[in-house]
Amino acid sequence: MENIRNFSIIAHIDHGKSTLADRIIQHSGIIPEREFRNQILDNMDIERERGITIKSQTINLPYKAKDGKEYLLNLIDTPGHVDFHYEVSRALASCEGVLLVIDASQGVEAQTIANLFVAMEENLKIIPVINKIDLPTADIDKVKQQIEKELDLNPNDAILCSAKEGIGIENILEAIVNQIPPPRGNIDKPLTGLVFDARYDIFRGTVVSCRIFDGKIKPGDSIIFMSTNSKFIVEEVGIFRLNKVSVRELSVGSVGYIIAGIKDVNEVKIGDTITLFNNPVSLSLAGFRESKPVVFSSIYPVSSEDYESLKDALAKYKLNDAAFVYQKDSSVALGLGFRCGFLGLLHLEVVQERLEKEFNQSIIMTIPTVQYRFTISDGQTLTIDNPLYYPDPSKIKKCEEPYVNMTIYTPEKYFGAIMKMCIDKRGINSKFNYIRQGQMEIHFEIPLSEVIFDFHDKLKSLTQGYGSFDYEFSEYRESDVVKLDILINGDKIDALSMIIYKENAYKRARGVCEKLKETIPRQQIRIDIQAAIGSKIISRSTISPFRKDVIAKCYGGDITRKRKLLEKQKEGKKKMKVVGSAIIPQNAFIAVLKIENE
Amino acid sequence: MNKPGIYIHIPFCKEKCPYCDFYSISCQKQNIIEEFIYSLGKEIFFYQNLGKNKIFDTIYIGGGSPDILNEKQIFTIVKNLYSTFKFSSDTEFTIELNPQNITREKIMFLKDIGVNRISLGVQSLDEKDLKFLCRHHSVLSGQKAIEIIRSLDMALNIDLIYALPYQTKKMWLKILNDAVICEPQHISAYQLTIKDNTPFGIMKMEKSFKESSEKKQAELFFLTSDFLEEKGFIHYEVSNFAINEKYFCRHNMKYWQRIFYLGLGPSAHSFFNEERWSNYSDVEKYCSLCKTNILPMEKKEKLTKQQTNLEKIYLGFRTKMGISEKDLYIDNTEKIVEQLENQGFINIINHQIIPTKKGFLFSGGLPFYFI
Ligand SMILES: Nc1nc2c(ncn2[C@@H]2O[C@H](COP(=O)(O)OP(=O)(O)OP(=O)(O)O)[C@@H](O)[C@H]2O)c(=O)[nH]1
Ligand code: SF4
Ligand SMILES: [Mg+2]
């Protein structure tokens, strides 16, 4: 145990955590050079496509230190994006220290501070690392000042590094073994293991990632999960190299995985404590704080027949993304589905993409919404994140919506266009400064609801892809919102209802009516599309009916041809929803959900 | 119990009409026709087991153009039928004929061998229409044929095609009126529909042919129904009218009501015991298979419960008998039924969903709500 070091690499987004992890892994020599690729721990498709880390990733590495001893390092690479902050806090629960990476040119940023706080709360040893010193724009002195002033750490402890060039890696490794304490705990005490992650494997069942705080665990042991009180026999334990490597036992201080034939994913809760059935601990570990979602949307299967499959996929997905929360939901128009909470828009996109790609689900997501706060006439405050539960408008005394502090990074030539967008989207109190020649940072305050709508796409198109943004919650502020309903032949399409800033409602209403008109095919009956606030219709469109159908002759008793046609239509109908007597293809819903707030 | 029927497909025409997509070849070579008659005889014989313990009550000889056959050939077919299957004494025996070459003798001959209903391919009673449709008979020959058939006391259906691109309401009304004057017991009035892979279809693709508008077609449809109803006809199926129930086409009703039928000849379709099968649409293949004692069957399928349900729904929308509410098999149809009734597509009478005239016009699309 004296030779084990458990640590995480934490930083603001893009400061070079995964690249630093690459160098440390290469130094250990466990992966042949020709099998190496950059950001090797970012192994999900979506991570590689987007060039960011989404999930914390653990890897076990041998290291022979200058003192001549062999150490085993458990390195956890974490994501830097604020939406995945929860991944960081879970990772840190298994560590005794962190490398706090700071980009030498960008300096200390929002997530540098946020992540540092988590590490301090956990009483971890913090080793500052100034990365990217190879950059011409690197300003080491300025960063050292920030470390002292803004982070309240000793700048002399900071290690200079270029993860890209492989500079400073030895120093970092020596600091890890010398400064970060070995894990504490007692091998003779009853087993106490913290479940900090899990993944479902179709062959082996749930694979649990676990940090052992006391005792040890080996195949054949009977274990129980303390919160669900379910019992399993351990089949295999092991450590994480690039792949899983089974070992004889996991003992105190180590980080590894456990396979115990757990087929029901609901038996495993992230943050739960594992102990031995025959010799249990009395108290479970503290576990993790619940994550607090800020963006909400409902997920429905494209075909209602796939509800069970979606349900199953979500349970398995949740194992691997503890920040994702969901509960049952149902819509008249879209049938059974789930109301889901996300830590931000990127998180929402990741969930959507992983469900589609990794879990083969075809899903429809409703318009994302934030959490509104309503004060109603009897003084009660209601928090609403689903248009379905919008309070009676006559009783609303005050409505508030969340604002965020937005930072946009952009080449200066797009400044004007961005400011215009900022105003269109109700941004206020803007400030800006140059971070270096030609490159600007624009700050303003803006409702989160405007950010989750089409902010990302818009910014990217305005800046030809060069702009990026970052935001953090600031506070709730008073706002004038309404609930906009969409009706088809008088039936409210609940899945299309939205809570929206009043002044945006008219434009959006028109957009939705037009989009539905474009996407719903003509039918035997006339289709009236209306957008309404309460009982007031604010926009409408009509799809005129067919005047006749093709009247086929079923000549010579050929019934089959027409039946085949209907069977095909029936198949297609699975992708449609019948609302009253109108038949609405799913793609009409999807189209509406994608409308831009032009 | 409902008795089964027999359909015989004669796959020859003098010349293909430009709108027709039924299976037939233009051929008058006697040796091929003889070979077909012989093969048909064999096919009839193949089904002698199926015919055991059954009494049939309709025969329908269609095509193609059965009038390509000479008396001897027709006689051979009929003789083969009579010697293989049992028929009820009131069997409805229809043959499709074109107006040209109809003589008193020919009809008398048909009557003698048991035919009691003629379906006459008049198509129009306007010379211009007949030219447009490339039909090889005149209005006069049509009228003459009708007269002969009526005088010999045969039940008569006349086929009419309307909604030609240039046709006005007035033009069509005149044809309808002239048709009614001839006192047929049955009228089949089909809208000209343009099928792909027909000469008209190709012209349409090349944009040298324009169908009449949806609006116009709908208007003519209602005009037809209103006019014929006023003249005492019952609009009992989307395109079919009869002066009383006795003259509903018993054979075609089997298709719509899912009563069993045996189809013989190339491209013919059969339905027995929830099985549907069909023959090759290829005279040569048909003949060579029959001659080597192989059923000329191309496809056969056993209907699933779902398919049966589906058929009941869409066939139900075609006739006045409608669909029984208990045959609606998907959930939550109440609201749709109510809306369709409010909008005049259907009436509900004794738990039976009965399409209205407007419902007939939409018989192609309404089933979609119930599948
Ligand atoms: N010049 C230079 N670039 C670096 C260095 N380290 C990382 N980078 C680059 O910085 C970008 C981000 O690197 P990553 O390692 O993916 O950053 P990260 O902190 O893991 O990012 P997230 O996981 O998304 O938070 C990549 O383009 C790297 O090539 C360095 O020392 N010097
Ligand atoms: S005669 Fe009848 S079957 Fe023959 S081509 Fe003309 S329409 Fe078709
Ligand atoms: Mg990374």
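Look above for the structure.
Draft legend 1. Examining the site of ligand 1 more closely. All names here are of chain A. Ligand 1 sits among 18 residues. The nearest are Lys 17, Ser 18, Thr 19, Thr 53 and Asp 134. Measuring from an oxygen atom of ligand 1, one finds a side-chain N or O atom of Ser 18 at 2.8 Å. Here Ser 162 contributes a side-chain N or O atom positioned 3.3 Å from an oxygen atom of ligand 1. Within the complex, 84% of the 640 Å² of free accessible area of ligand 1 lies under protein. Among the elements that take part in the shell around ligand 1, helix 1 (residues 17-28) stands out by supplying three residues, more than any other.

Draft legend 2. Looking closely at the interface of chain A and chain B. Taken residue by residue, the interface counts 35 residues in chain A and 49 residues in chain B. Summed over both sides, the interface of chain A with chain B buries roughly 3900 Å², with 59% coming from carbon and sulfur. Across the contact surface, chain A and chain B share five salt bridges. In this structure, the salt-bridge partner of Arg561(A) is Asp21(B), at a minimum N-O distance of 3.6 Å. Summed over the shared surface of chain A and chain B, the result is 11 residue pairs in polar contact (both at pLDDT 80 or more). When residues of the side of chain A that touches chain B are traced back to their parent elements, those giving at least two are helix 12 (560-573) and strand 32 (576-579) of chain A. Of all the elements, helix 12 of chain A adds the most residues to the side of chain A that touches chain B, at 10 residues.

Draft legend 3. Expanded view of the coordination of the magnesium ion (ligand 3). Residues and elements named next belong to chain A. Note on the magnesium ion (ligand 3): its protein donors are Ser 18 (OG) and Thr 53 (OG1). The metal-donor distances range over 1.9 to 2.0 Å. You can see Ser 18 sitting in helix 1 and its partner Thr 53 sitting in the loop between helix 2 (45-50) and strand 2 (57-64), a full 35 residues away along the chain. For Thr 53, a relative accessible area of 8% corresponds to the buried category.

Draft legend 4. Fine view of the packing of helix 7 (residues 307-320) of chain A against helix 8 (residues 345-357) of chain A. All names here are of chain A. Where helix 7 contacts helix 8, the two axes come as close as 11 Å, and the packing angle between them is 125 degrees. The angle between helix 7 and helix 8 falls in the class oblique. The crossing of helix 7 and helix 8 is right-handed. Residues Ala 313, Leu 314, Tyr 317 and Asn 320 of helix 7 lie in contact with helix 8, whose contacting residues are Val 350, Val 351, Arg 354 and Leu 355.

Rules and cut-offs
- Residues numbered from 1 in each chain as written.
- Chains lettered and ligands numbered in written order.
- Predicted model: local features only at pLDDT ≥ 70, side-chain atom pairs only at ≥ 80, totals over all residues.
- Heavy atoms only, no water.
- Near = heavy atom within 4 Å.
- Polar contact = N/O pair within 3.5 Å; in protein donor to acceptor, adjacent residues only side chain to side chain.
- Areas by Shrake-Rupley, 256 points an atom, 1.4 Å probe, with all protein chains shown as cover.
- Helix = DSSP H or I, 4+ residues; strand = E, 2+ residues; numbered from the N terminus.
- Contact = heavy atoms within 4.5 Å.
- Buried area = accessible area lost by both parts, 1.4 Å probe.
- Salt bridge = Lys/Arg side-chain N within 4 Å of Asp/Glu carboxyl O.
- Donors = N, O, S within 2.8 Å, 3.2 Å for Na, K, Ca; no water.
- Buried < 20%, exposed > 50% of the residue type's maximum accessible area, 1.4 Å probe, protein only.
- Axes fitted to C-alpha atoms, helices over the stretch in contact; angles between N-to-C directions.
- Parallel < 35°, antiparallel > 145°, perpendicular 65-115°, else oblique.
- Left-handed = near helix turned anticlockwise from the far one by under 90°.

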